[in-house]
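Summary of structural features
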Amino acid sequence: MLFCEDGINDAVTLAQANIGLLMNNGTDIAKNIINAVLVRPALSEILILIDLSQVLFRRIVFNFSWSFVYNIFVILLAAGAFVNARIPPQYAGLGELISVLPVILIALQLRWFKRR
């Protein structure tokens, strides 16, 4: 259940909601309880928040999948599991930078998120 309120007298309801959204300003108690803040006082921003969370979830799944596959492959290469291909373990650790770069670039793409 999503609950969006101004945060003046409804901190208890915000705490009981699955997702608590706070409009611009509110009491200190409400600010400590909420999950997100709508900076602009427009309820249409809730739709943008929902779309952004869906995109974010897909990117998180992709990043975990990419990192898992890459790291398993590099660990097998460093351990000598492949007969004709082997890399020194220190290069496998250095290769972790290669694993992180696509994750960072994909995360940076969220800066230019536009709602469809």
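Computed from a predicted structure; not experimentally measured. (Residues numbered from 1 in each chain as written. Predicted model: local features only at pLDDT ≥ 70, side-chain atom pairs only at ≥ 80, totals over all residues. Heavy atoms only, no water.)

Comments concerning the sheet that holds strand β1 (residues 2–5)
Read from one edge to the other, the open sheet built from 3 strands follows the order β1-β2-β3, with strand pairing classed as parallel. Strands with a single pairing partner mark the edges of an open sheet, and in this sheet they are β1 and β3 (36–38). For this sheet, the mean inter-axis angle between neighbouring strands, taken without regard to orientation, is 25°. Pairing analysis gives 4 bridges linking β1 to strand β2 (residues 19–23), with the strands arranged parallel. Residue C4 lies in a different strand from β2, and its bridge partner there is L21. Against the sheet, helix α3 (residues 45–79) engages β1, β2 and β3, with an angle of about 140° to β3. (Pairing = 2+ DSSP bridges. Helix = DSSP H or I, 4+ residues; strand = E, 2+ residues; numbered from the N terminus. Axes fitted to C-alpha atoms, helices over the stretch in contact; angles between N-to-C directions. Contact = heavy atoms within 4.5 Å.)

Some details on the side chain of E45
Within the fold, E45 resides in helix α3. Given a relative accessible area of 18%, E45 falls into the buried group. The contacts of E45, once residues within four sequence positions are left out, are L38 and R40. (Buried < 20%, exposed > 50% of the residue type's maximum accessible area, 1.4 Å probe, protein only.)

Examining the environment of A78
Position of A78 relative to the elements: it lies in helix α3. A residue is classified by how much of its surface remains accessible, and A78, at 13% relative accessible area, is buried. Non-local contacts of A78, meaning those with residues more than four positions away in its chain, are made with R86, I87, P89 and A92.

So, a nonpolar patch on the surface
Where nonpolar side chains cluster on the molecular surface, the patch consists of F68, V69, I72, F73, L76 and F82 and spans about 560 Å² of accessible area. In this fold, F73 is placed in helix α3. (Patch = residues over 30% accessible without salt bridge, like charges linked within 9 Å, V, L, I, M, F, W, Y side chains within 5 Å. Areas by Shrake-Rupley, 256 points an atom, 1.4 Å probe, with all protein chains shown as cover. Salt bridge = Lys/Arg side-chain N within 4 Å of Asp/Glu carboxyl O.)

Thoughts on the pairing of β2
Counting buried positions along β2 yields 4 of 5 residues, so the element is predominantly enclosed. What joins β1 to β2 is helix α1 (residues 11–16), and the crossover it makes is right-handed. Between the parallel pair β2 and β3, the chain is carried across by helix α2 (residues 28–33), and the sense of this crossover is right-handed. (Right-handed = clockwise from strand over helix to strand, strands pointing away.)

Description of the nonpolar core
L21, M23, A36, L38 and I46 together form the largest nonpolar core, which totals 5 residues. Where this core is concerned, the elements lending two or more residues are β2 and β3. What M23 contacts, discounting residues up to four positions off in sequence, is C4, E5, D6, L38, P41, A42 and L43. (Core = buried A, V, L, I, M, F, W, Y, C linked by side-chain atoms within 4.5 Å.)

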